[in-house]
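Chain by chain, the residues run as shown.
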Amino acid sequence: MKQRSAEILCIGTEILMGDIINTNAAYIAKELAGLGINVYHQSVVGDNPQRLKESLALAFSRADIVITTGGLGPTYDDLSKETIAAYFNRKLVMDEESLHAIECHFLRLNRVMTDNNKKQAMMPEGCVIFANHNGTAPGCAIEGEGEQQGKTAIMLPGPPREMKPMFEQGVKPFLLKDSDTRLVSHTMHFFGIGESMLESILHDLMEESTNPTVAPYAKTGEVQLRVTARVKQGEDAEVLLQPVMEQIKEKVGEFLYGIDVGDLQTAAVRALKEKNLHVAVAESCTGGYVAKRITDVSGASDVFECGICSYSNRIKHQILGVKQETLDTFGAISEETAREMAEGVRRISGAEIGVSVTGNAGPQASEGKDVGLVYIGVDSDHFKKVFMLYVNRKDQDARETIRYLASSHALSLILKAVELSAQ
């Protein structure tokens, strides 16, 4: 069976103007990959019928399936259905079931339905309709005939809270009905090694692997490897995936902090939960960034004791117990202060692991210390360390980058402390 390809076409002038972030394309692309459907292009077009028509023709010239989001609203400039229906030579007809669903939606909200909402129930003849349980605009799929044979357009609403459940409940089953293959991926997360070094070590393996494939993705301060296998429906993809992942672990496993964990903070919270450990943080230059990232994770309350934002030396001394002599002799930005901050927050909180961050995120030098110099400390029964980080950045985002990387190193040290715990 021919391998299907899709193009994602997001419709909305507000996307082009930068008023909203286009998260729909990322979600749909990831879901299509899991269905074994290749995505080679993504496009954005404004609410203009002529430009939408041109974009649609271009998309179908290079893809079998075009999935659109947006343009299904009740207003005069919502013309996606009209334009796409015309491309397939289909008329729009009233779908009574969709109209009834829209009417019920307004009744539930105790709001008056205006006449223009009826437009949303006008659907292309012969289309497959996807009900919208979270809004008013139903979605649909048109399968081409004649000159458009083999082409399929799928129209989805723009709001993610409407689009995502519709894709899951309606579009997935629709796409799977003719598919005999699927893609299965695992994401391996690495910290403490750059993309170029990782690629250099794994170059031969990445080049030789065709099924599964191994692809690197760089993020700020870390690297991900996506290992993807293509299998027929019903086959076990792990038979292909696991041997390759084991080879990767053998070569760069010391930098691997998790598989399919999402991010460092999620990995840290999970690891703490697994060993029933608790962490507390004392932060200076990061201003609560580490605490925020930990508490962004659902369930962090089970493992997070407290965060102390000790920006001033007075608080470092009076609350955390950093010796005045240490501050006078070595300064706030020092290995010695970081060590005592980690010890202090652990003592105050009663947590098994204390972590500290102190440094200079800029924009000017402080205490004679360069911008980008940061010390991250960790204190636990089985792991005591102060890590020096120097981020030599001069761009306008340097302050944010320094703070983010410092928080990432703090999370990495938490993971190391958990790993070395005797519990």
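Since this is a predicted model, take the numbers as computed values, not measurements. (Residues numbered from 1 in each chain as written. Predicted model: local features only at pLDDT ≥ 70, side-chain atom pairs only at ≥ 80, totals over all residues. Heavy atoms only, no water.)

S.K.: Even after reading the chapter, I still don't get the packing of aromatic side chains, so can you show me in this structure?
M.R.: A complete count under the given rule lists six aromatic pairs for this structure. Each ring, one from Y27 and one from F167, has its centre 5.9 Å from the other, and the planes form 80°; the classification is edge-to-face. In this pair, Y27 sits in helix α2 (residues 24–34) while F167 sits in helix α6 (residues 160–176), placing the two residues 140 residues apart along the sequence. Exposure class is identical for Y27 and F167. Each is buried. On the numbers, 5.7 Å between centres and 85° between planes, the contact of F60 with F88 is edge-to-face. With F60 in helix α3 (residues 49–62) and F88 in the loop between α4 (80–87) and β4 (92–94), this pair connects stretches of sequence that are 28 residues apart. As far as burial versus exposure is concerned, F60 and F88 are alike and both buried. Put simply, the rings of F60, Y87 and F88 pair up and form one aromatic cluster. Here the guanidinium or amino end of K177 rests over the ring plane of F174, the centre of that ring lying 4.8 Å away. Here the basic side chain of R226 rests over the ring of Y217, its NZ or CZ set 4.7 Å away from the ring centre. (Phe/Tyr/Trp six-rings, centres within 6.5 Å; stacked < 30°, edge-to-face > 60°. Helix = DSSP H or I, 4+ residues; strand = E, 2+ residues; numbered from the N terminus. Buried < 20%, exposed > 50% of the residue type's maximum accessible area, 1.4 Å probe, protein only. Lys NZ or Arg CZ within 6 Å of the ring centre and 35° of its normal.)

S.K.: Any chance you could explain a negative patch on the surface here in plain terms?
M.R.: Where like charges cluster on the molecular surface, the negative patch consists of E195, E199, D204, E207 and E208. With respect to the secondary-structure elements, E195 resides in helix α7 (residues 195–208). With a relative accessible area of 35%, E195 lands in the partly exposed category. (Patch = residues over 30% accessible without salt bridge, like charges linked within 9 Å, V, L, I, M, F, W, Y side chains within 5 Å. Areas by Shrake-Rupley, 256 points an atom, 1.4 Å probe, with all protein chains shown as cover. Salt bridge = Lys/Arg side-chain N within 4 Å of Asp/Glu carboxyl O. Lys, Arg positive; Asp, Glu negative; His and termini not counted. Charge placed at Lys NZ, Arg CZ, Asp CG, Glu CD.)

S.K.: Can you help me understand the packing of α7 against helix α8 (residues 238–252) in this one?
M.R.: To describe two helices that pack against each other, one gives the angle between their axes and the distance between the axes. Viewed as axis vectors pointing N to C, α7 and α8 meet at an angle of 140°, and their least axial separation amounts to 11 Å. Taken together, the axes of α7 and α8 lie oblique to each other. Considering the relative orientation of α7 and α8, their crossing is right-handed. For the pair α7 and α8, contact is made by L198, I201, L202 and L205 and by V244, Q247, I248, K251 and V252, respectively. (Axes fitted to C-alpha atoms, helices over the stretch in contact; angles between N-to-C directions. Parallel < 35°, antiparallel > 145°, perpendicular 65-115°, else oblique. Left-handed = near helix turned anticlockwise from the far one by under 90°. Contact = heavy atoms within 4.5 Å.)

S.K.: So what exactly am I meant to see when it comes to the sheet that holds strand β1 (residues 5–11) here?
M.R.: Consider a sheet: its strands pair through backbone hydrogen bonds, and that pairing is either parallel or antiparallel. Here we have six strands laid out as an open sheet, ordered β2-β1-β3-β8-β7-β6, and mixed in their pairing. Strands with a single pairing partner mark the edges of an open sheet, and in this sheet they are β2 (38–45) and β6 (128–130). Direction aside, neighbouring strands of the sheet carry axes that sit 15° apart on average. Where β6 and strand β7 (residues 139–143) come together, three bridges link them in antiparallel fashion. Opposite I129, over in β7, you have C140 as the bridge partner. (Pairing = 2+ DSSP bridges.)

S.K.: Would you take a moment to explain the pattern of salt bridges for this structure?
M.R.: Pairs can form between side chains of opposite charge once their charged atoms are near each other. What the rule picks out here adds up to 14 salt bridges. Here E246 makes a salt bridge to K249, at a shortest N to O gap of 3.4 Å. Here E246 pairs with K249, and both are found in helix α8, just three residues apart, close to one helical turn. Residue class for E246 comes out partly exposed when judged on its relative accessible area of 37%. On the basis of relative accessible area, K249 is assigned to the partly exposed category, the value being 31%. Of the charged contacts, one joins R346 and D381 as a salt bridge, the two residues approaching to 2.6 Å between their closest N and O atoms. With R346 in helix α13 (residues 335–349) and D381 in the loop between β16 (373–379) and β17 (384–390), this residue pair connects regions lying 35 residues apart in the sequence. One continuous salt-bridge network, built from bridges that share partners, spans R346, D379, D381 and K384.

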